[in-house]
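Below, each chain spelled out in residue letters.
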Amino acid sequence: MHDFVHLHVHSAYSLRESTLRLEEMIADVATYEMSAVALTDTNAMYGVVPFYQAAKRAGVQPLIGVQFDVQLEAVDPSAMRMRGKLAEGMDRAVVIARNLDGYRTLTKLVTQARQRHVQPFITLDELAVGASDVICLVGGGESLLLRQFAAAEMEQAALHLTRWANACAQGQLYVDVQQHQLPLEQSGLPRLLETAKQLDIPLVATNDVHYRRNEDAALQRAYAKLEFTDADARWPNDQFAFVSGEEMAARFAQLPAAIENTAAIADMCNFEFPPFQVRMPIYPTKDGRAPDVVLREAATAGAKQRFGEQLPEHVAARLQTELDIICEMGYADYFLVVADFIRFAHQAGISTGPGRGSAAGSVVAYALRITDVDPVANQLLFERFLNPARVSLPDIDTDFEYERRGEVIAYVVQKYGVAHVAQIGTFGTLAARAAVRDAGRMLQADGALIDKLAKMIPGVPGMTLAKAREEVRGMNSWLGTDAAAKQLFDTASALEGLPHHTSTHAAGVVISPDKLTDWLPLEQGADNIPVTQYPMADVEALGLVKMDFLGLRKLTLMDNCMQSVKARQGQQIDWRAVPENDAKTLQMLTRGETNGVFQLESPGMRRVLRQVQPTTLDDIVAVISLNRPGPMENIPLFADTKHGKTPLRFPHPDLAPILRDTYGVIVYQEQIMQIASRMAGFTLGEADLLRRAVSKKKREILAQERERFVRGCVTRGYEEQVANDVYDLIVRFADYGFPRSHAVAYAVLAYRTAYLRAHYLADFLAALMTMAMASTDKIRTYTEDAKRHQIVVRPACVQQSQRGYSVDADGQIRTGLLAIRNVGEGAVESIIEAREAQAFTSLRDFLERVNTRVVNRKAVDSLLAAGALDSFFPERVSAHAKAQMLEEAQRLADENRQFAGLGLLLDTSGKTAVQAARQEVLYIRYHQAGAGDKQTLKRIEQVLSSSPGRVSVALYDGATRRIRLLGDKWNVTLSPEVMTLLEDIVGIGNVKVGVKQPV
């Protein structure tokens with residue numbers, strides 16, 4: 001065994017550059033009996049936390065590093081556009097953290113690199129700031145130094161190496177020597193070694209690792225080609241593998257010190273993440289008051305607003321208990337932070353949801369208006385949210401109106417500072433189907449083969465290629481007989497699960513008391529809000545607190561509906577005044593009329609609603625909780641017992657208060673906790689631990705918890721058999737139980753959307769259709785829904801339509817302008833702006849006053865076809881005729897701007913043929929090559945005009961090869977004689993005549 005340490009390793013987190021998985025790397029380190037290993041991905045630290053954790057589990061010292069692109073000279077920005085290709089003036093170096101400060105140097109440098117608007121890079125001056133805590137390896141691979149030495153640019157190369165020596169701490173700069181059998185190394189390395197010796201800079205041997213084994217080279221190179229055009233040049237052979245120490249020692253037999261220095265560098269490093277500690281965000285209180293005091297005052301004042309100035313005794317006691325637990329656990333700041341941005345949302349008119357998850361069980365959250373569900377009236381348990389017997393971070397997820405969620409995040413960034421707030425990043429990995437398609441591109445496989453294999457893979461969560469091969473009938477036998485298919489499958493299997501790209505978590509935001517770069521690297525995100533390079537689990541592993549800011553489209557739907565109601569009827573809907581069990585709403589739900597109703601619009605939910613026939617909000621809570629795999633088997637019992645078809649039974653009479661509202665069925669996790677408390681004497685905290693333990697279904701845990709539960713029941717006077725029966729019931733339902741807190745919050749939102757649908761159907765459907773404009777199928781469904789309720793969906797109209805669907809004064813729905821194809825946001829804004837200044841008086845007035853750069857020819861055609869311009873003409877056909885006149889004017893006038901000559905065209909007092917043309921339109925298409933010259937056109941016009949009252953003008957469009965005919969009547973029918981004459985002109989079968997029907 002040689003004491004060699006790999007210091008230059010690219011994992012699959014060097015996206016598209018490497019196929020080396022972290023678990024493979026750590027396994028090989030153990031196999032090769034190496035004491036340490038470095039992770040040095042390119043300009044990024046995506047894999048640092050899982051690498052660190054895996055190395056620690058394996059008893060290996062993790063070295064944290066990055067391969068940086070470093071600017072040494074002025075660089076042409078255009079040369080920075082190609083990812084991976086090193087521009088002139090750019091060098092490459094591996095930088096390894098010696099300690100925690102060195103790690104923080106890396107996070108700051110990576111953040112600086114990734115926030116540049118060209119390819120990521122740092123400057124040598126930026127690196128020098130934190131150089132005392134890092135070790136730098138220069139001169140390897142495609143570095144500027146090696147290229148200059150290879151080109152015999154000795155003076156310039158020596159100058160650059162000297163600059164590196166001056167920037168780095170004494171004894172912490174090494175010349176990176178590599179042997180990949182590349183011409184660049186063979187010509188440049190001797191000169192690099194000579195200069196390093198002259199400057200007294202030690203050497204270190206590395207292998208630029210990009211895959212596990214030599215035989216993986218072709219796979220990595222083909223995979224890299226999907227991203228890098230120079231992949232063949234960068235990795236031309238099979239020498240970039242994670243090789244053993246013996247092999248490295250053999251390669252560098254002439255430079256034994258370079259091998260020894262790998263271990264010496266590892267010895268210089270002692271980086272460890274600090275012991276886990278929650279890094280709670282700090283709420284800035286006025287005058288420096290303690291957050292506990294501020295929270296108690298705010299919660300007490302809020303509780304009085306919710307429950308009355310004189311708090312009921314049980315509410316006051318519960319409030320005090322919750323506050324004691326929150327403050328003792330150190331979470332006062334957390335609650336104040338959440339309450340603050342919720343308050344901002346309310347003040348800014350941004351709708352928030354009534355709650356989500358177990359946080360709805362907190363009286364403090366209700367008092368602070370974080371939630372809008374009364375936990376006392378709804379029998380919700382605080383211990384399901386925060387359990388002093390099970391220390392965990394609070395997790396309050398918040399829903400905001402979808403289109404304005406970003407405003408709340410921007411507020412948080414502004415309040416706490418951009419250095420302390422970031423959205424959480426996430427990785428897209430190659431799932432089975434995507435791996436097949438990438439593999440197909442790599443192999444340049446037949447498209448039909450790629451499609452066949454990809455489509456055979458079931459599109460279900462958690463599906464892998466291996467599972468598909470086992471489960472899909474015929475796949476295994478096919479792969480056994482088709483060599484090309486087998487190669488595609490095997491290549492895809494090698495890629496499956498690799499990190500593929502980065503994106504932003506849909507909801508996660510982290511707020512830190514320290515600068516985030518003290519703990520993790522960032523990169524630039526949308527709206528100048530940074531994004532963490534670590535995913536959510538890694539962020540939380542560092543003790544940073546994540547909060548979920550969710551954008552909920554149903555809140556947008558409700559807002560739009562209520563705004564419509566207010567605009568039409570002057571009615572402001574106040575949810576506090578809406579009855580909890582509104583008959584009209586509940587009757588609608590029993591009929592299963594739930595298009596657009598939150599959580600209740602699926603076919604399965606409609607069936608359950610018809611079966612259960614909810615008569616209270618609590619029934620809706622139960623429906624949401626039961627309609628899931630597992631608990632749904634109890635729906636018939638629940639419904640039959642509710643309707644008196646089955647007697648109501650309880651496992652024991654003492655459980656009646658707990659199970660009566662769910663008709664003897666255990667539906668909620670909180671019921672399990674209440675049963676344990678009632679029968680076995682557990683505290684609610686202990687009961688929560690029981691619920692969690694039992695849900696894991698581990699035999700030893702089940703036996704242990706049974707003994708505790710039964711003993712507690714017997715002590716309280718219950719028979720042992722009854723205790724065992726109830727415990728069996730708990731075990732059965734522990735997996736299926738739904739958090740009642742979450743279900744109640746969802747049911748409140750479901751009820752509110754249902755109430756809007758029941759009482760303001762036209763406004764509700766218009767808002768729903770606006771949100772579904774991109775889906776033809778949904779628009780069709782909602783239009784049919786409206787029709788069933790005698791509501792007409794009218795076509796768009798430039799005089800009356802809004803951006804989206806709206807409701808006319810008589811209660812009918814008007815199609816929105818944005819629903820028309822080829823009519824974009826800019827066109828709609830122009831139309832509405834012009835209309836609001838003054839109503840349009842005619843088509844000419846419309847076209848003269850809108851911005852014709854956005855309301856272009858295609859948009860006008862679409863408006864005409866959709867009937868949006870019908871108000872300018874007594875009949876639809878007139879609009880079509882005007883469209884054709886417009887087209888001819890545009891062509892014949894050879895206009896300089898889009899609608900030049902329109903005034904003359906639409907002025908019927910003129911005397912030209914076009915001006916005198918009638919308004920009806922007939923299309924004749926023909927396909928003869930070369931047809932349409934002036935002579936042919938004249939002959940066609942003569943034929944058509946020979947029939948009185950038929951056609952007065954015929955014009956030819958060479959681009960579309962279409963003849964435009966302007967005639968007297970819309971329902972023009974060409975006689976067989978006229979058809980014969982036309983065919984004589986352009987050839988039999990080359991004439992297609994059709995009347996353009998109104999849309």
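- An unreviewed UniProt entry lists the protein chain under the name DNA-directed DNA polymerase, from Alicyclobacillus fodiniaquatilis.
- The Catalytic activity (unreviewed entry) comment attached to the protein chain in UniProt states, word for word, "DNA(n) + a 2'-deoxyribonucleoside 5'-triphosphate = DNA(n+1) + diphosphate".

### A word on the layout of surface pockets
Next up, step 1: A volume near 1400 Å³ is recorded for the largest pocket.
Next up, step 2: Residue lining of the largest pocket: 41 residues in total, with Asp372, Asp574, Trp575, Arg576 and Arg752 positioned closest to the centre.
Next up, step 3: Sorting the residues of the lining of the largest pocket by element identifies helix H23 (553-569), helix H26 (617-626) and helix H33 (740-759) as the ones contributing at least two each.
Next up, step 4: At 6 residues, the largest contribution of residues to the lining of the largest pocket is made by H23.
Next up, step 5: Taken together, the residues that form the lining of the largest pocket break down as 18 nonpolar, 10 polar and 13 charged.
Next up, step 6: Computed from the structure, the second largest pocket encloses a volume of approximately 610 Å³.
Next up, step 7: For the second largest pocket, the lining is made up of 26 residues, of which Glu403, Asn560, Thr770, Arg803 and Gly804 are closest to its centre.
Next up, step 8: Breaking the lining of the second largest pocket down by element, the ones donating at least two residues are H23, helix H34 (761-771), strand E15 (806-807) and helix H36 (825-837).
Next up, step 9: Here the element with the most residues in the lining of the second largest pocket is H23; it accounts for 6 residues.
Next up, step 10: Taken together, the residues of the lining of the second largest pocket sort by class into 9 nonpolar, 9 polar and 8 charged.

### Let's talk about the packing of H34 against helix H35 (residues 776-788)
Next up, step 1: Axis separation between H34 and H35 bottoms out at 10 Å; the angle between their running directions is 170 degrees. The orientation of H34 relative to H35 falls into the category roughly antiparallel. Of H35, the residues touching H34 (which contributes Leu765, Leu768 and Met769) are Ile779, Tyr782, Thr783, Asp785 and Ala786.
Next up, step 2: When grouped by side-chain class, the residues that make up the contact of H34 with H35 number 6 nonpolar, 1 polar and 1 charged.

### Quick word on the side chain of Arg606
Next up, step 1: Among the structural elements, Arg606 can be located in helix H25 (residues 603-612).
Next up, step 2: Summary of buried charges: Arg606 has no salt-bridge partner, and the nearest side chain of opposite charge, Glu601, is 5.5 Å away.
Next up, step 3: Polar contacts involving the side chain of Arg606 include one to the side chain of Thr594, which spans 3.4 Å.
Next up, step 4: Apart from residues lying up to four places away in sequence, Arg606 is in contact with Gly592, Thr594, Asn595, Leu600 and Glu601.

Conventions and cut-offs
- Residues numbered from 1 in each chain as written.
- Predicted model: local features only at pLDDT ≥ 70, side-chain atom pairs only at ≥ 80, totals over all residues.
- Heavy atoms only, no water.
- UniProt positions renumbered as here; feature names shortened; annotations may be inferred.
- 1 Å grid on protein atoms, 1.4 Å probe; cavity = no way out; pocket = protein on both sides within 12 Å on 5 of 7 lines; lining within 4 Å.
- Points joined across faces, edges and corners; volume = space filled by probe spheres on them.
- Helix = DSSP H or I, 4+ residues; strand = E, 2+ residues; numbered from the N terminus.
- Nonpolar A, V, L, I, M, F, W, Y, C, P; charged D, E, K, R; others polar.
- Axes fitted to C-alpha atoms, helices over the stretch in contact; angles between N-to-C directions.
- Parallel < 35°, antiparallel > 145°, perpendicular 65-115°, else oblique.
- Contact = heavy atoms within 4.5 Å.
- Buried < 20%, exposed > 50% of the residue type's maximum accessible area, 1.4 Å probe, protein only.
- Lys, Arg positive; Asp, Glu negative; His and termini not counted.
- Salt bridge = Lys/Arg side-chain N within 4 Å of Asp/Glu carboxyl O.
- Polar contact = N/O pair within 3.5 Å; in protein donor to acceptor, adjacent residues only side chain to side chain.

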